[in-house]
Amino acid sequence: MKLAVNLAPHRPGGFWLANPVIAASGTFGYGTEYADLIDREQLGAIVSKAVALTPRAGNPMPRLYETPAGLLNAIGLQGIGVERVIAEKAPLWASWRVPVIVNLVGESIAEFCGVVERLSGVAGVAGFELNVSCPNVEGGTLFGDDPQLAAELTRAVRQRTDLPLLVKLAPTAPDLIAVARAVAAAGADALVVANTWPGMAIDLATRRPVFPGGGGGLSGPAIRPLSLRLVYRVAGAVALPVVGCGGVATAADALEYLMAGACAVQVGTMTFREPSAMLAILAGLREFGEREGLRDLADIIGAAQPRPVAGGER
Ligand SMILES: Cc1cc2nc3c(=O)[nH]c(=O)nc-3n(C[C@H](O)[C@H](O)[C@H](O)COP(=O)(O)O)c2cc1C
């Protein structure tokens, strides 16, 4: 069965991945950390940890807290900064077959643009994923909650790179379809749906929030039905490839996302529990294809939708 997927069908040459299983940002480090545990070359792509203009220490501990079927995190976008990424990580990525997509973060449009300008043209960087679940310091709102702001950011980044550009949407947007349409019009090649959902936990002993900053982002199987619904809605409304993200732990979960209209999936939290899960998911997709007599995995993309979706027809 053909497994290759094109995440940028509107760009010359496209952005072809060998298969639709992608390591999500923040749970696979810079792609080097799991070297002894999983053959990364089998993956469709790897999304790096968030890269900002300057190094960030992140939030104080604790940063992770388990919930029923989920994980709360308040990492605070810890990272080594763009200059060290260029010096230490990109040269390694350039020697791999698997494409590495850099997850971009910033507190202002200027900061995002600064990171892209530094990274564009650097060997080893195959594309960008814009994390719009970041507060804009100028206005305080999340970039991804406001269609105009998200579009402004996407347009500014788009003008600074010819590489494939994925925009990873925030699930909290009051009108997610409006945000998806706005970033599509601003030049996004694909949409990732979605980032973590806001949540919190209270420490009964201290009677205070577990995380010093209050809340955190909820990931893992607990959010799958929520994010799956968003994928179904966005893929049904916007003619761009959608990458499903949220709680994928098995091939069945990945298939649900594909049938909802995603043309690929990202796997985050499950990698913490079982580092080889992504390869098991890939094997499960192959088995499904054989069992169902599929020639191309794309034949099931959007199968649950009333109309064909982007990536579902060739
Ligand atoms: C510990 C941790 C760190 C994360 N860091 C990032 C990040 O730097 N940038 C980003 O866009 N998403 C980040 N995420 C979100 C994941 O990429 C993913 O969107 C989310 O966890 C939902 O997928 P999952 O349920 O498969 O984990 C992080 C998630 C976790 C659990």
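It should be noted that the structure appears before, not after, this text.
Below or above, wherever it landed, is the structure these notes cover. (Residues numbered from 1 in each chain as written. Predicted model: local features only at pLDDT ≥ 70, side-chain atom pairs only at ≥ 80, totals over all residues. Heavy atoms only, no water.)

Take the nonpolar core next. By size, the foremost hydrophobic cluster in this structure holds 106 residues, and its most contacted members are Leu104, Leu119 and Leu191. Counting residues per element, this core draws most heavily on helix H2 (residues 109–119), which supplies 6 residues. Filtering out sequence-adjacent residues up to four positions away, leucine 119 remains in contact with Val51, Val82, Val85, Ile86, Val102, Leu104, Val125 and Phe128. (Core = buried A, V, L, I, M, F, W, Y, C linked by side-chain atoms within 4.5 Å. Buried < 20%, exposed > 50% of the residue type's maximum accessible area, 1.4 Å probe, protein only. Helix = DSSP H or I, 4+ residues; strand = E, 2+ residues; numbered from the N terminus. Contact = heavy atoms within 4.5 Å.)

Here 4 strands make up an open sheet; going across it, the order is S5-S6-S14-S11 and the pairing antiparallel. Since the sheet does not close on itself, it has two edges, and those belong to strand S5 (64–67) and strand S11 (197–199), each with one partner. This sheet shows a mean twist of 35° between the axes of neighbouring strands, independent of strand direction. Two strands pair when backbone bridges link them, and S11 and strand S14 (residues 216–219) are joined in this way by 3 bridges, in the antiparallel orientation. When the sheet's bridge partners are listed, glycine 199 is paired in S14 with glycine 216. (Pairing = 2+ DSSP bridges. Axes fitted to C-alpha atoms, helices over the stretch in contact; angles between N-to-C directions.)

Right, let's talk about the site of the ligand for a bit. Near the ligand lie 24 residues; those nearest to it are Ser25, Lys168, Gly220, Gly247 and Thr269. Within the side chain of asparagine 103, a nitrogen or oxygen atom sits 3.0 Å from an oxygen atom of the ligand. The contact in question runs from an oxygen atom of the ligand to an N or O atom on the backbone of glycine 268, over 2.9 Å. Its free accessible area being 610 Å², the ligand has 95% of it covered by the protein chains. Broken down by class, the residue content of the shell around the ligand amounts to 9 nonpolar, 14 polar and 1 charged. (Near = heavy atom within 4 Å. Polar contact = N/O pair within 3.5 Å; in protein donor to acceptor, adjacent residues only side chain to side chain. Areas by Shrake-Rupley, 256 points an atom, 1.4 Å probe, with all protein chains shown as cover. Nonpolar A, V, L, I, M, F, W, Y, C, P; charged D, E, K, R; others polar.)

Let's shift gears to unusual backbone geometry. In this structure, the amide linkage connecting methionine 61 to the following residue, proline 62, adopts the cis form with an omega of -5°. Looking at the secondary structure, you find proline 62 in the loop between strand S4 (45–51) and S5. A cis geometry characterises the amide bond from valine 193 onward to alanine 194, with omega recorded as 10°. Take alanine 194: it is sitting in the loop between strand S10 (190–193) and S11. You will see that alanine 69, though not glycine, has its phi angle at about 55°, which is positive. Examined against the element boundaries, alanine 69 turns out to sit in the loop between S5 and strand S6 (70–73).

Another point: the state of the cysteines. Using the criterion set out here, one finds 0 disulfides in the structure. Cysteine 134 provides the cysteine sulfur closest to cysteine 113, a residue in no disulfide bond, and the two sulfurs are 13 Å apart. Here cysteine 245 stays unpaired: no disulfide links it, and the sulfur of cysteine 263, its closest cysteine neighbor, is 13 Å away. (Disulfide = S-S within 2.5 Å.)

Further remarks concern helix H1 (residues 82–93). Along its 12 residues, H1 runs just 14 Å from first to last C-alpha, ending more than 12% under the 16 Å computed at 1.5 Å per residue. Against the buried residues of H1 lie S4, strand S7 (100–104) and H2. (Expected span 1.5 Å × (residues − 1).)

Checked against the element boundaries, isoleucine 109 lands in helix H2. Exposure remark for isoleucine 109: the relative accessible area of 18% places this residue in the buried category. Residues isoleucine 109 and alanine 156, spaced 47 residues apart in sequence, show a C-alpha to C-alpha distance of 7.3 Å. In this structure isoleucine 109 touches Phe143, Glu152, Leu153 and Ala156, once residues within four positions along its chain are discounted.

Take the sheet that holds strand S3 (residues 21–23) next. Reading around the circumference, S3-S4-S7-S8-S9-S10-S15-S16 is the order of the 8 strands in this closed barrel, with parallel pairing throughout. Averaged over all pairs of adjacent strands, the angle between their axes in this sheet comes to 25°, without regard to strand direction. Relative to strand S15 (residues 242–245), S10 runs parallel, the two being bridged by 3 bridges. Across the sheet, residue leucine 191 finds its bridge partner in S15, namely valine 242.

Two strands pair when backbone bridges link them, and S6 and S14 are joined in this way by 3 bridges, in the antiparallel orientation. Of the residues in S14, the one forming a bridge with asparagine 73 is glycine 217.

In this section: the pattern of salt bridges. Opposite charge on two side chains allows them to pair when their charged atoms are near. Taken as a whole, this structure holds 9 salt bridges when the rule is applied. Measuring nitrogen to oxygen at the nearest pair gives 3.9 Å for the salt bridge that ties lysine 2 to aspartate 296. You can see lysine 2 sitting in the segment before strand S1 (5–6) and its partner aspartate 296 sitting in the segment after helix H8 (277–292), a full 294 residues away along the chain. Assessed through its relative accessible area of 11%, aspartate 296 is described here as buried. Aspartate 189 is the partner of arginine 158 in a salt bridge, and the nearest nitrogen-oxygen pair spans 3.0 Å. Within this pair, whereas arginine 158 is found in helix H3 (residues 147–158), its partner aspartate 189 is found in the loop between helix H4 (176–185) and S10, the two being separated by 31 residues in sequence. With relative accessibility at 14%, the residue arginine 158 sits in the buried group. Of the residues examined, aspartate 189 reaches a relative accessible area of 5% and is grouped as buried. (Salt bridge = Lys/Arg side-chain N within 4 Å of Asp/Glu carboxyl O.)

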